[in-house]
Amino acid sequence: MRQLMDNETPHGVSDEWSTTPWRKLERYLYRLQKRIYKAKQRGDTRAVRGLKRVLKRSKAAKTLAVRQVTQDNRGKRTAGIDGVKNLNPAERLEMASTLALVGKASPVRRIWIPKPGKDEKRPLGIPTMMERAKQALAKMALEPEWEAVFEPNSYGFRPGRSCHDAIEQIHTAMRKEKYILEADIQGCFDNIAHKALLDKVNDPALRPILKKWLEAGVIDQDIFQETEQGTPQGGVITPPTKLQTFFFGVGLSLIRIDPKDDIDLILSHFHPLDQGTNPLWSYTRISV
């Protein structure tokens, strides 16, 4: 009998992965996430936590999480500090069977990529393959709960939304207004407060693993650096956690210029880590 090479997979194991009923697993996960979404909307915290616990333990969610990070994601062949960037079907099945949101978090691998149109470079933090699968599983549990309370006119990093939806909303809003304010949050990822983010996570079971990911540190050119604040760009869990931190401790001045050259200056303060609508605390009208 011919001996298998290191990168080969037994035929039966390969068939088991390729014949997985993906549509059935996706439908099961969707129904579970929909129940979490509706429970959050009606304020049933107990049901939300119970359903999330079912999702985190389900074989369907774990298998889909492994497929996402090993086959679907664009950066699936980018290795973390363990050097692993490709798994065969047997290894994917093994990862899915052992996947659990426990254990120590591995540091991320720091790489630098150029910013489009600029001479600057942006840091990315690449987790190991196992950490990516864990983050994908956590994201599946967190996302429907947070989607139920997010700002309706927010489009970045949102499931089922794209830049085209944002363009359409701008087109609708600009039928009356003729001016818009474009702004950027400098160092957004690098300055997110860990405690403030963790306080926002209404899940005692997920909070410990999120804390470990935030404090795991980075390895840049074989040098370990601690992470006391910020979230690494490049992790699966980074976009939804970033959404939770928008407008943290920010006072925003919104300026609207009307056709009569009067300026409406609205000073507004957003509740920490809250994407929901908040009342304005100050309103001043200025004529120029």
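Residues numbered from 1 in each chain as written. Predicted model: local features only at pLDDT ≥ 70, side-chain atom pairs only at ≥ 80, totals over all residues. Heavy atoms only, no water.

**Q** Would you take a moment to explain the packing of helix α4 (residues 59-72) against helix α5 (residues 89-98) for this structure?
**A** Between two packed helices, the angle of one axis relative to the other and the distance separating the axes together describe the packing. As a packed pair, α4 and α5 sit with axes 8 Å apart at the nearest point and diverge in direction by 135°. Here α5 runs oblique to α4, going by the angle between their axes. Handedness of the α4/α5 crossing: right-handed. Between α4 and α5, the residues in contact are K62, T63, V66, T70 and Q71 and R92, M95 and A96, respectively. (Axes fitted to C-alpha atoms, helices over the stretch in contact; angles between N-to-C directions. Helix = DSSP H or I, 4+ residues; strand = E, 2+ residues; numbered from the N terminus. Parallel < 35°, antiparallel > 145°, perpendicular 65-115°, else oblique. Left-handed = near helix turned anticlockwise from the far one by under 90°. Contact = heavy atoms within 4.5 Å.)

**Q** Even after reading the chapter, I still don't get the sheet that holds strand β2 (residues 121-126), so can you show me in this structure?
**A** Strand-to-strand pairing in sheets goes through backbone hydrogen bonds, with the strands running parallel or antiparallel. Here we have 4 strands laid out as an open sheet, ordered β2-β1-β3-β4, and mixed in their pairing. Both edges of this open sheet fall to β2 and β4 (223-225), since each of them pairs with a single strand only. Averaged over all adjacent pairs, the angle separating strand axes in this sheet is 40°, with direction ignored. In terms of strand pairing, strand β3 (residues 218-220) meets β4 through 3 bridges, oriented antiparallel. (Pairing = 2+ DSSP bridges.)

**Q** Can you walk me through the packing of aromatic side chains in this structure?
**A** Describing an aromatic ring pair means giving the distance of the ring centres and the angle of the ring planes. Considering all chains together, one arrives at 1 aromatic pair under this definition. On the basis of an interplanar angle of 70° and a centroid distance of 5.1 Å, the ring pair of W17 and W22 is categorised as edge-to-face. A relative accessible area of 4% means that W17 is categorised as buried. When the ring centre of W22 is taken as origin, the NZ or CZ atom of R67, which lies over that ring, is 4.5 Å away. A cation over a ring is seen here: R110 above W112, with NZ or CZ 5.7 Å from the ring centre. (Phe/Tyr/Trp six-rings, centres within 6.5 Å; stacked < 30°, edge-to-face > 60°. Buried < 20%, exposed > 50% of the residue type's maximum accessible area, 1.4 Å probe, protein only. Lys NZ or Arg CZ within 6 Å of the ring centre and 35° of its normal.)

**Q** So what exactly am I meant to see when it comes to helix α2 (residues 22-41) here?
**A** Residues spaced three or four apart along an α-helix point in a common direction, a consequence of the helix completing one turn every 3.6 residues. Here α2 is 20 residues long and its end C-alpha atoms lie 28 Å apart, about the 28 Å a rise of 1.5 Å per residue gives. All of the buried residues along α2 are W22, L25, L29, L32, Q33, I36 and A39. Around the axis of α2, the buried residues are gathered within 125° of arc, so they sit on the same side. Turned more than 90 degrees away from the buried face of α2 sit R23, K24, Y30, R35 and Q41, all of them exposed. Once α2 ends, the next one or two residues include G43, with phi positive near 75°. (Expected span 1.5 Å × (residues − 1). Arc of directions from axis to C-beta.)

Without other data, these values stay purely geometric and don't point to any function.
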